[in-house]
Amino acid sequence: MRIRTYLGIMTVVIFLPILFAAAMALEKIRLEERDAAIRGLKETALRVSLIVDRELRGSLSALQVLGNSDHLETGNFRSFYLQAAALTSSDVWLELLDVTGTQIVNTLVPFGTPVPAPVTLPVVSQLIANQKPFISDLTVGAVTGKLQTSIYLPAKTDGGKFYVIAQTFGVDHWKKTSINAQMPADWIVAVI
């Protein structure tokens, strides 16, 4: 054999293990980066779920306070509207529904503004029967036409009248205050 052939074989024998080791090292780095990214996503998902849970627990507490309002007992819905409006913003509003699902109060619009026909009667009937809170899926609001989710809570006055109080969150609420405000600036988080 010629010297050139020996040099070629020697080059392959020397560099082949180096190339193999480099490929193995790169694969190990890729897998570790993937595992780190998955761990990060799991931590973020947990963090987001805790933020949403905290927000929903606070909302349920506020709804329970409103459910015990004397204004419901007396039927003074204007005063109830003012009391409820103190707990709202442009992205979060409260509604008071009667047993037929008709909105009596909606803090998104001025008191006395006509509201759409009832669209939540099955939810209202179920709430009054079960006396347990209900959190809706993502829906399109009848008043806003935008995506929203609501928490419904049944309320019964001492006089035996039933109402349903709902706090509704527009998607913008979650974007602005609850999630993205507590995430790194280069992250995009969505609640689906």
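Our subject is the structure that appears above.
Everything numeric here is computed off the predicted structure, so don't read it as measured data.

Parameters and conventions
Residues numbered from 1 in each chain as written. Predicted model: local features only at pLDDT ≥ 70, side-chain atom pairs only at ≥ 80, totals over all residues. Heavy atoms only, no water. Salt bridge = Lys/Arg side-chain N within 4 Å of Asp/Glu carboxyl O. Helix = DSSP H or I, 4+ residues; strand = E, 2+ residues; numbered from the N terminus. Buried < 20%, exposed > 50% of the residue type's maximum accessible area, 1.4 Å probe, protein only. Core = buried A, V, L, I, M, F, W, Y, C linked by side-chain atoms within 4.5 Å. Contact = heavy atoms within 4.5 Å. Polar contact = N/O pair within 3.5 Å; in protein donor to acceptor, adjacent residues only side chain to side chain. Pairing = 2+ DSSP bridges. Arc of directions from axis to C-beta. Patch = residues over 30% accessible without salt bridge, like charges linked within 9 Å, V, L, I, M, F, W, Y side chains within 5 Å. Areas by Shrake-Rupley, 256 points an atom, 1.4 Å probe, with all protein chains shown as cover.

### What to know about the pattern of salt bridges
Applying the stated criterion across every chain, the model contains 3 salt bridges. For the salt bridge of R30 with E27, the shortest nitrogen-to-oxygen distance reads 2.7 Å. Placement of the pair is R30 and E27 together in helix α1 (residues 3-67), with a separation of 3 residues, close to one helical turn. The exposure class assigned to R30 is partly exposed, which follows from its relative accessible area of 42%. Two residues, K28 and E32, come together in a salt bridge whose shortest N-O distance is 3.7 Å. Linking K28 with E32, this pair stays in helix α1, spanning 4 residues, or about one helical turn. Taking the relative accessible area as the measure of exposure, K28 reaches 52% and is therefore exposed. Under the relative-accessibility criterion, E32 is labelled partly exposed at 45%.

### So, the nonpolar core
Counting residues in each nonpolar core, the largest one holds 21 residues, and the members touching the most others are L72, F80, L96 and I165. Sort the elements by how many residues they give to this core and α1 lands first, with 5 residues. Not counting residues within four places of it along the chain, the set of residues in contact with I165 comprises L63, L66, G67, L72, F80, L94, E95, L96, I151, Y152, L153 and A155.

### A short note on the environment of Q131
Topologically, Q131 is positioned in the loop between α4 (121-130) and β3 (134-135). Of the residues examined, Q131 reaches a relative accessible area of 38% and is grouped as partly exposed. It is 9.8 Å that separates the C-alpha atoms of Q131 and V164, two residues lying 33 residues apart in sequence. Those residues within four positions of Q131 in sequence are excluded, and the remaining contacts are P154 and F162. Within the structure, the side chain of Q131 is placed 3.0 Å from the backbone oxygen of I128, a separation counted as a polar contact.

### A short note on the pairing of strand β1 (residues 92-97)
The buried fraction of β1 is high, at 6 of 6 residues. The two faces of β1 match: V92, L94 and L96 on one face and W93, E95 and L97 on the other face are all buried. Here β1 runs beside strand β6 (residues 162-170); their pairing, made up of 6 bridges, is antiparallel. Its bridge partner being in β6, W93 is matched across the sheet by T168. Here β1 runs beside strand β2 (residues 103-106); their pairing, made up of 3 bridges, is antiparallel. In the strand pairing of β2, L96 is matched with V105.

### Some points on helix α3 (residues 77-85)
Residues of α3 that are buried: F77, F80, Y81 and A84. Down the axis, α3 shows its buried residues gathered within 105 degrees of arc, on one side only. Structurally, α3 contributes buried residues whose contacts are with α1, α2 (70-74), β1, β2 and β6.

### Considering a nonpolar patch on the surface
A surface patch of nonpolar side chains, about 730 Å² in accessible area, is lined by I3, L7, M10, I14, F15, I18 and L19. Position of I3 relative to the elements: it lies in helix α1.

### A short note on the side chain of E95
Structurally, E95 is set in strand β1. Within the structure, the side chain of E95 is placed 3.5 Å from the side chain of T168, a separation counted as a polar contact. Excluding its chain neighbours within four sequence positions, the residues that come into contact with E95 are Q103, V105, N106, V164, I165, A166 and T168.

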